[in-house]
Amino acid sequence: MDDLLGIATTSYALTAMAYAVFCLQLWRNRNVSSSSRLLVFAVMGTTVWAATATAALLVKSDLLWAIYILCDVARLSLWLLFIASMLQGFGQLTIGSNSLRLLRTWIALLVVFSLSGFFGDGSASHARVSLMATLGFAITGMVMTEQLYRSAPEAARWSLKMLCVGLAACFGFDMYVYADATLFAHVDSVAALMRGAVQLLALPLLVIAIARSPTLRFKVAVSRRVVFHTTTLLASGLYLLAVSAAGYYLRTFGGTWGQAVFAVLVTAALILLALIAVSGSMRSRLRVLISKNFFSYRYDYREEWLRFINALSNPTDERELKRHVIMALADLVESPGGLLLMRDERGFAISASANASSTEREQANLVVADDDAMVAYLTRKRWIVALDDCRAKRSSYEGLTLPTWLSHLPEAWLVIPLFYRDELTGMAVLQQPRTHIDLDWEVLDLLKTASRQAAAFLGYARTAEALMEARKFEAFNKMSAFVVHDLKNLVAQLQLLSRNAQRHMDNPDFRSDMLMTIDHAADRMSKLMMQLREDTRPIDRPTRLELTPLIGKLDRLRPGRGAALELILDQPVCVMAHSDRLERVLGHLVQNALEATHENGKVTVRATQNEQFALIEVIDNGQGMTEEFVRERLFKPFQSTKSGGMGIGTYESAQYIKELGGQIDVVSQPGEGTRFRVSLPLCRDTEADTKIHG
């Protein structure tokens, strides 16, 4: 008995969960019709009834059993009212008619008599009346179900027959239980405990009927993935059940060799099941079978589209993207793989393959010209070409002669054009599918839509690659402009040195300065060449730098004639920078100031500091600049007021100072002069140690 109670408890629990899920689905998609609302309440009542039975069996409480009886009466009443509303929809019952009033009165009487044993004195007569009333529910349900099927129009019977079979099963089992109880004055506990299992068996019939019914208009939907895995699990269970039956027969009647044969049979059966489970062709056949027989549309478009987009979004480079395009298109039609031909300067060449039967040499040698018959046909018609259909029915592809290059691809099945911005940019050639696929309008439309999306991804990837190359060239050109600017300054220094050498070659100090200048120029040009080969960024890291000796080097810019240069160092100042780059920035500012100042003018370089920043000022009383030029043009590349200037130095200087965490401020008035202030973060001793050792 304990085993029976365990089975009954499990069946009621499963019934409660299954009907709860079904009830939530119905509630989410309910509409305003009375039949739909009553169906939701009937399913809800069945859920509560099964849950109460589960609790009563587990807890064994008299109160829960009393609630179970109340829920049972409510459930049966709701199902009868639901059937009555369906009959009313078919014209068998009309609002206000005597038949409808009589039916409602009858249901009310059944409710009252069913509860007589519950509210009565507990005598045998009250219990018998209660059993007979419950039997009346079952008989009424059977009669109304039969009337529902008979009164339904011929066109509606297809959707109602599953509903009628499910309701008849439930009411028929109740009629058996309570007829037996009425005749023998006691309830068959075994049969009564199985009522939950009968309700659970009837649920799939109700789901199918409601999904079919145009009257109820519920959107009961089960995903293809659930159906696929459920069907696979069911088939595996039936297979193992058959193997178990055969094994039982062998062990029982096989004699001494039965045990050994049973072990071999089970092992072989498990191996076969594993091979079927990992077989791509078997999975493909099962998916096609389910799509054809269980769904009005072949594809679950939401799931297919999410999977397709996810496949195209994951690749890290263009080559991997092309392979994913092939597999994403192939998976839509159960193809194992194929080839991707993309347009280049030669025509259409194979740029990627996935599980292709052709060799790499054959793929490398295959180039389709722009004037090929297939290319012309795809450009003109924009159709997907099924090669088997084209060979069998040439009239379907009028004007197309299959080119010879397809003969090198014996497994070719479909040729899918890839259009990007109304231009044929590629072709996907898919291999024969694992199972037969009917190329109807649904399959072709999905492939056309997917091919457009794939072509867009490939087009964006190619555009991104071209943009990346353009940015590399832009960075190289910008770096080249900086290098040329620095070389111009070095050339100017060497030219000045060459002119002065004719007059001062005999001076030992001049020869010493000349050698130092040449070494500095050669070292600077070597570093520029290294940056040109590797990167625009400096090769070494910023280091702790004293400004006093650095500004002292600017004295070499002091002209023999023209404006005077004054260097003022109030106190030692330390920053984190590259010695040569900061010297070049300051030298550029000083050189520009000298060139903008008349012969009697003066250029002053002053280094000070405040609490946070080192301040380097370059002040001149030269021609100055307008406010508009300072704001709009001064720090932009290729903007210069000098006739031979490149407009790079000030831009490069501002970028470098900004890289160090500082800034350049400019105050200028035309005819009065200009003040450049370079602000750099002060170098603390702890910061210097971190920079050097970190």
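Worth saying up front: this structure is predicted, and the values here are computed from it rather than measured. (Residues numbered from 1 in each chain as written. Predicted model: local features only at pLDDT ≥ 70, side-chain atom pairs only at ≥ 80, totals over all residues. Heavy atoms only, no water.)

Colleague: Just checking my understanding: could you explain the overall build of the protein chain for this structure?
Modeller: Counting secondary structure elements, the protein chain contains 24 helices and 13 strands. Each of the 694 residues in the protein chain was classed as buried or not, and the buried ones make up 42%. Contacts spanning at least 24 positions in sequence make up 69% of the contacts within the protein chain whose residues lie at least 6 apart. Counting only carbon and sulfur atoms, one obtains 59% of the accessible surface of the protein chain, whose full area is about 38,300 Å². (Helix = DSSP H or I, 4+ residues; strand = E, 2+ residues; numbered from the N terminus. Buried < 20%, exposed > 50% of the residue type's maximum accessible area, 1.4 Å probe, protein only. Contact = heavy atoms within 4.5 Å. Areas by Shrake-Rupley, 256 points an atom, 1.4 Å probe, with all protein chains shown as cover.)

Colleague: Looking at this structure, how should I read the packing of helix 3 (residues 62–89) against helix 4 (residues 98–114)?
Modeller: A pair of packed helices is captured by two measures, namely the crossing angle of their axes and the spacing between those axes. Close contact between helix 3 and helix 4 brings their axes to 10 Å; oriented N to C, the two are set at 170°. When the axis of helix 3 is compared with that of helix 4, the two are roughly antiparallel. Across the interface between the two elements, Val73, Ser77, Leu80, Leu81, Ala84 and Gln88 from helix 3 touch Leu100, Leu103, Ile107, Val111 and Ser114 from helix 4. Its residues assigned to classes, the contact of helix 3 with helix 4 comprises 8 nonpolar, 3 polar and no charged. (Axes fitted to C-alpha atoms, helices over the stretch in contact; angles between N-to-C directions. Parallel < 35°, antiparallel > 145°, perpendicular 65-115°, else oblique. Nonpolar A, V, L, I, M, F, W, Y, C, P; charged D, E, K, R; others polar.)

Colleague: Explain the pairing of strand 6 (residues 423–431) here, please?
Modeller: Two faces belong to every sheet, and in a regular strand the side chains alternate between them. Within strand 6, 8 of the 9 residues are buried, leaving the element largely enclosed by the surrounding structure. Counting the residues in the hairpin turn of strand 5 (residues 412–420) and strand 6 gives 2 residues, including Arg421, whose phi is positive at 55°. (Pairing = 2+ DSSP bridges.)

Colleague: It is not clear to me how the environment of Ala211 should be interpreted in this structure. Could you clarify?
Modeller: Residue placement: Ala211 occurs in helix 9 (residues 195–212). We classify Ala211 as partly exposed; its relative accessible area is 41%. Residues Ala211 and Ser159, 52 residues apart in the sequence, show an inter-C-alpha distance of 8.2 Å.

Colleague: I keep staring at the sheet that holds strand 6 and nothing clicks. Help me out?
Modeller: Strands belonging to one sheet form pairs held by backbone hydrogen bonds; the direction of such a pair is parallel or antiparallel. One open sheet holds the 6 strands; their spatial order is 3-2-1-6-5-4, and the pairing between them is antiparallel. Each end of this open sheet is capped by a strand with a single partner; those strands are strand 3 (367–368) and strand 4 (385–386). With 5 bridges connecting them, strand 1 (residues 338–344) and strand 6 associate as antiparallel partners. The residue bridging Met342 from the neighbouring strand is Gly426, located in strand 6.

Colleague: Looking at this structure, how should I read the sheet that holds strand 8 (residues 564–569)?
Modeller: Spatially, 5 strands are ordered 8-10-11-13-12 in an open sheet, and the strand pairing comes out mixed. What marks the edges here is a single partner per strand, and that holds for strand 8 and strand 12 (663–669). Here the average twist between neighbouring strands, direction ignored, is 10°. As paired strands, strand 11 (residues 613–620) and strand 13 (residues 673–681) are joined by 8 bridges and run antiparallel to one another. Paired with Leu615 across the bridge in strand 13 is Ser679. Running over the sheet, helix 21 (residues 579–596) touches strand 8, strand 10 (602–609), strand 11 and strand 13 and is turned about 25° from strand 11.

Colleague: Can you help me understand the side chain of Ser668 in this one?
Modeller: Note that Ser668 resides in strand 12. Judged by relative accessible area, which is 11%, Ser668 ranks as buried. Within the structure, the side chain of Ser668 is placed 3.3 Å from the backbone oxygen of Gly673, a separation counted as a polar contact. A distance of 2.8 Å separates polar atoms of two side chains, one belonging to Ser668 and the other to Thr674. Discounting residues that sit within four places of it in the chain, Ser668 has contacts with Gly624, Met625, Val630, Gly673 and Thr674. (Polar contact = N/O pair within 3.5 Å; in protein donor to acceptor, adjacent residues only side chain to side chain.)

Colleague: Would you mind going over the environment of Ala454 with me for this structure?
Modeller: Inspection of the secondary structure puts Ala454 in helix 18 (residues 441–504). Note: C-alpha distance between Ala454 and Leu329 (125 residues apart in sequence) is 8.5 Å. Apart from residues lying up to four places away in sequence, Ala454 is in contact with Phe308, Leu312 and Val325.

Colleague: How should I be thinking about the packing of aromatic side chains in this particular structure?
Modeller: For any pair of aromatic rings, the description consists of the separation of the ring centres together with the inter-plane angle of the planes. Taken as a whole, this structure holds 9 aromatic pairs when the rule is applied. A ring pair is formed by Phe173 and Tyr176, whose centres lie 6.2 Å apart and whose planes are at 50°; its orientation type is tilted. Here Phe173 and its partner Tyr176 are both found in helix 7 (residues 154–184), 3 residues apart, which amounts to about one turn of the helix. Its relative accessible area of 22% is what places Phe173 among the partly exposed residues. (Phe/Tyr/Trp six-rings, centres within 6.5 Å; stacked < 30°, edge-to-face > 60°.)

Colleague: How should I be thinking about the pairing of strand 11 in this particular structure?
Modeller: With 7 of 8 residues buried, strand 11 lies mostly within the body of the structure. Bridge analysis of strand 10 against strand 11 gives 7 bridges, and the strand direction is antiparallel. Across the sheet, the residue bridging to Thr608 is Leu615, located in strand 11. The turn linking strand 10 back onto strand 11 is made up of 3 residues.

Colleague: What is the right way to read the pattern of salt bridges from this model?
Modeller: Pairs can form between side chains of opposite charge once their charged atoms are near each other. As enumerated under the stated definition, the model contains 21 salt bridges in all. The shortest N-O distance in the salt bridge between Arg544 and Glu546 comes to 3.6 Å. The class for Glu546 is partly exposed, based on a relative accessible area of 33%. Residue Arg675 pairs with Glu617 through a salt bridge whose shortest N-O separation is 3.3 Å. Taken together, the positions of Arg675 in strand 13 and Glu617 in strand 11 put the pair 58 residues apart, joining distant regions of the chain. (Salt bridge = Lys/Arg side-chain N within 4 Å of Asp/Glu carboxyl O.)

Colleague: Just checking my understanding: could you explain the state of the cysteines for this structure?
Modeller: Joining two cysteines, a disulfide is a covalent bond between their sulfur atoms. In this structure the tally under the stated criterion is 0 disulfides. The thiol of Cys574 is unpaired, and the distance to the nearest cysteine sulfur, on Cys683, comes to 3.8 Å. (Disulfide = S-S within 2.5 Å.)

Colleague: Honestly, the packing of helix 21 against helix 23 (residues 649–659) in this entry has me stumped. Any pointers?
Modeller: Two elements in contact, helix 21 and helix 23, have axes separated by 10 Å at closest approach and are oriented at 140°. Judged by the inter-axis angle, helix 21 sits oblique to helix 23. Helix 23 is crossed by helix 21, and the crossing has left-handed handedness. Taking contact as the criterion, the partners of Arg581, Leu582, Arg584, Val585, His588 and Asn592 in helix 21 are, on helix 23, Gly649, Thr650, Glu652, Ser653, Tyr656, Ile657 and Glu659. Among the residues forming the contact of helix 21 with helix 23, the class breakdown is 4 nonpolar, 5 polar and 4 charged. (Left-handed = near helix turned anticlockwise from the far one by under 90°.)

Colleague: So what exactly am I meant to see when it comes to the nonpolar core here?
Modeller: Residues Met374, Val385, Trp405 and Met427 are the most contacted members of the largest nonpolar core, which totals 58 residues. Beyond its immediate stretch of four places on either side in the chain, Trp405 contacts Leu366, Val368, Asp372, Met374, Met427 and Val429. (Core = buried A, V, L, I, M, F, W, Y, C linked by side-chain atoms within 4.5 Å.)

Colleague: Would you mind going over the side chain of Ser151 with me for this structure?
Modeller: Looking at where Ser151 falls in the secondary structure, it is placed in helix 6 (residues 124–151). A relative accessible area of 16% places Ser151 in the buried class.

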